[in-house]
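# Structural overview for review
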Amino acid sequence: MNLQESISAFEAAVTRGLEQIIDAALSDDLTPLGNLISLHRIASQVGAGGDSPDVVVFGDINHFHTFNQLYGHDVGDAAITRVGELIQKSFVDQCQAQAFRRSGDEFVILLSSPKLSEFRARVPQFASCSFSIEGEIRETAVSFGSATSKGEIGFPDLLARA
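Residues numbered from 1 in each chain as written. Predicted model: local features only at pLDDT ≥ 70, side-chain atom pairs only at ≥ 80, totals over all residues. Heavy atoms only, no water.

This part covers the confidence of the model for the protein chain. When pLDDT is averaged along the protein chain, the result is 89, and 99% of the positions lie at 70 or above. Per-element averaging of pLDDT across the protein chain places helix α1 (residues 3-26) at the bottom with 77 and strand β3 (residues 106-111) at the top with 96. (pLDDT = per-residue confidence, 0-100. Helix = DSSP H or I, 4+ residues; strand = E, 2+ residues; numbered from the N terminus.)

Before going further, it helps to spend a moment on the nonpolar core. Judged by nonpolar contacts, the single largest core of 28 residues is most densely connected at Ile87, Phe91, Ile109 and Phe119. Top element by residues in this core is helix α4 (residues 73-95). It accounts for 10 residues. Residues in contact with Phe91, not counting those within four places in the same chain, are Leu86, Gln96, Ala97, Ile109, Phe119, Arg122, Val123, Phe126 and Phe144. Counting 14 residues, the second-largest nonpolar core is a separate cluster that includes Val46, Val108, Ala147 and Ile153. (Core = buried A, V, L, I, M, F, W, Y, C linked by side-chain atoms within 4.5 Å. Buried < 20%, exposed > 50% of the residue type's maximum accessible area, 1.4 Å probe, protein only. Contact = heavy atoms within 4.5 Å.)

Looking now at the side chain of Asn68. Position of Asn68 relative to the elements: it lies in helix α3 (residues 64-71). Overall, Asn68 belongs to the buried group, its relative accessible area being 13%. Excluding residues that lie within four positions of it along the chain, Asn68 makes contacts with His73 and Gly76.

Quick look at the sheet that holds strand β1 (residues 55-61) now. One open sheet holds the 4 strands; their spatial order is β2-β3-β1-β6, and the pairing between them is antiparallel. Since the sheet does not close on itself, it has two edges, and those belong to β2 (98-103) and β6 (142-148), each with one partner. Neighbouring strand axes in the sheet, compared pairwise and without regard to direction, differ in orientation by 20° on average. Both β2 and β3 contribute to a ladder of 5 bridges, which runs antiparallel. The residue bridging Ser103 from the neighbouring strand is Glu106, located in β3. α4 contacts β1, β2, β3 and β6 of the sheet and is inclined by roughly 10° relative to β3. (Pairing = 2+ DSSP bridges. Axes fitted to C-alpha atoms, helices over the stretch in contact; angles between N-to-C directions.)

This is how it looks when you write it as structure tokens:
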């Protein structure tokens, strides 16, 4: 390998490493979803028209505080992980939505209004989210609320309405 090839290989390795660091910095630690930083990066595009999302969905795990106190934080983390996986499968993969874990047991999903009916058709499966931990089957549920921009409302107001 000559000097130019070595330099090119080094540059490619650095670029891959930086991409991995950026991906890790924008990914949630418990779910396959984006994190709060990632959400903030895209929030300004909500309702901007074109291909930008114009629907904000807010979801949280029902009675999570009690669930966490009753079963412990490891079980609570497992519930968050399972819900994140279901959101990824049902909404990101199937409805072309973008999804994020905002904090704790709170999730934000961004999608375009033509996908809202498809989204709503998938919501009932979240009435009972089963997961296995420590050899036991546990169940939790998620509630969702949504708000649509219609070109006149920005992300912060939509999130508050959702």
